[in-house]
Amino acid sequence: MKPNFAPPSEVTNFVVADSGWECADSGYTYFVLLDWDVPPGSVQEYFEVYADSGRGFNLVTQTKDSFYNYIVDPSRLGIQHSFKVLAVSATGKKLELGQVSAVTNTPPYRDWE
């Protein structure tokens, strides 16, 4: 298989680097910070980040960075979230979601008491 016709490899060292909440203008913002490394030996144009909070995976962003700060919908707090990242080539080649690993995190409710 010629390298320029193959999709980029799976990202490596994919982790939840941080998770929690921050004070915001209208209350609190809940987040999950994702971090990963560029696939070795692959050439990618950008990354697609997918999230699943119990309703199936949805594309949440495209980024050239190797990290992403996912903002959690407050109605989905306390529910396990799964995340996947796909590296995408300049020609749009990428692995299928089922071919890559996921990381999970359950964003907690803020304890107000």
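Here the structure is shown first, and the text comes after it.
The rules behind the values
- Residues numbered from 1 in each chain as written.
- Predicted model: local features only at pLDDT ≥ 70, side-chain atom pairs only at ≥ 80, totals over all residues.
- Heavy atoms only, no water.
- Helix = DSSP H or I, 4+ residues; strand = E, 2+ residues; numbered from the N terminus.
- Buried < 20%, exposed > 50% of the residue type's maximum accessible area, 1.4 Å probe, protein only.
- Polar contact = N/O pair within 3.5 Å; in protein donor to acceptor, adjacent residues only side chain to side chain.
- Contact = heavy atoms within 4.5 Å.
- Pairing = 2+ DSSP bridges.
- Axes fitted to C-alpha atoms, helices over the stretch in contact; angles between N-to-C directions.
- Core = buried A, V, L, I, M, F, W, Y, C linked by side-chain atoms within 4.5 Å.
- Salt bridge = Lys/Arg side-chain N within 4 Å of Asp/Glu carboxyl O.

Trainee: Just checking my understanding: could you explain the side chain of threonine 63 for this structure?
Mentor: Structurally, the position occupied by threonine 63 is in strand S4 (residues 58-63). On the basis of relative accessible area, threonine 63 is assigned to the buried category, the value being 12%. A polar side-chain atom of threonine 63 sits 3.0 Å from the main-chain amide nitrogen of aspartate 65. When residues no more than four places from it in sequence are discounted, the contact partners of threonine 63 are Trp36, Tyr46, Phe47 and Val49.

Trainee: Help me understand the side chain of serine 82, please; the structure alone is not making it clear to me.
Mentor: Position of serine 82 relative to the elements: it lies in strand S6 (residues 81-88). Filtering out sequence-adjacent residues up to four positions away, serine 82 remains in contact with Tyr50, Ala51, Asp52, Phe57, Val103 and Thr104.

Trainee: Would you take a moment to explain the sheet that holds strand S1 (residues 12-24) for this structure?
Mentor: The three strands lie next to each other as S1-S2-S5, forming an open sheet whose pairing is antiparallel. The sheet is open, and its two edges are formed by S1 and strand S5 (67-72), each paired on a single side. When strand polarity is set aside, the average angle formed by the axes of neighbouring strands in this sheet is 20°. In this structure, S1 lies alongside strand S2 (residues 27-37), joined through 10 bridges in antiparallel fashion. Counterpart to glutamate 22 in the pairing with S2 is threonine 29.

Trainee: How do you make sense of the nonpolar core when you look at a structure like this?
Mentor: One recurring pattern in soluble globular proteins is that nonpolar side chains are buried together. Grouped together as the largest cluster of nonpolar side chains are 16 residues, with contacts concentrated most on Phe14, Leu34, Trp36, Phe83 and Val85. Elements supplying a minimum of two residues to this core: S2, strand S3 (46-52), S5 and S6. Sorting elements by how many residues they give to this core places S2 first, with four residues. Tryptophan 36 has contacts with Val11, Thr12, Asn13, Phe14, Phe47, Val49, Thr63, Asp65, Ser66, Phe67, Tyr68 and Val85, leaving out every residue within four places of it along the chain.

Trainee: Which parts of the structure should I look at to understand the pattern of salt bridges?
Mentor: Close approach of charged atoms allows side chains of opposite charge to pair. Under the defined criterion, the tally for this structure stands at two salt bridges. The closest approach of N and O atoms between lysine 64 and glutamate 45, which form a salt bridge, is 3.2 Å. Placement of lysine 64 in the loop between S4 and S5 and of glutamate 45 in the loop between S2 and S3 is noted, with a sequence separation of 19 residues between them. Its relative accessible area of 61% is what places lysine 64 among the exposed residues. On the accessibility criterion, glutamate 45 (38% relative accessible area) is partly exposed. In this structure, lysine 94 and glutamate 48 form a salt bridge, with 2.8 Å as the shortest nitrogen-oxygen distance.

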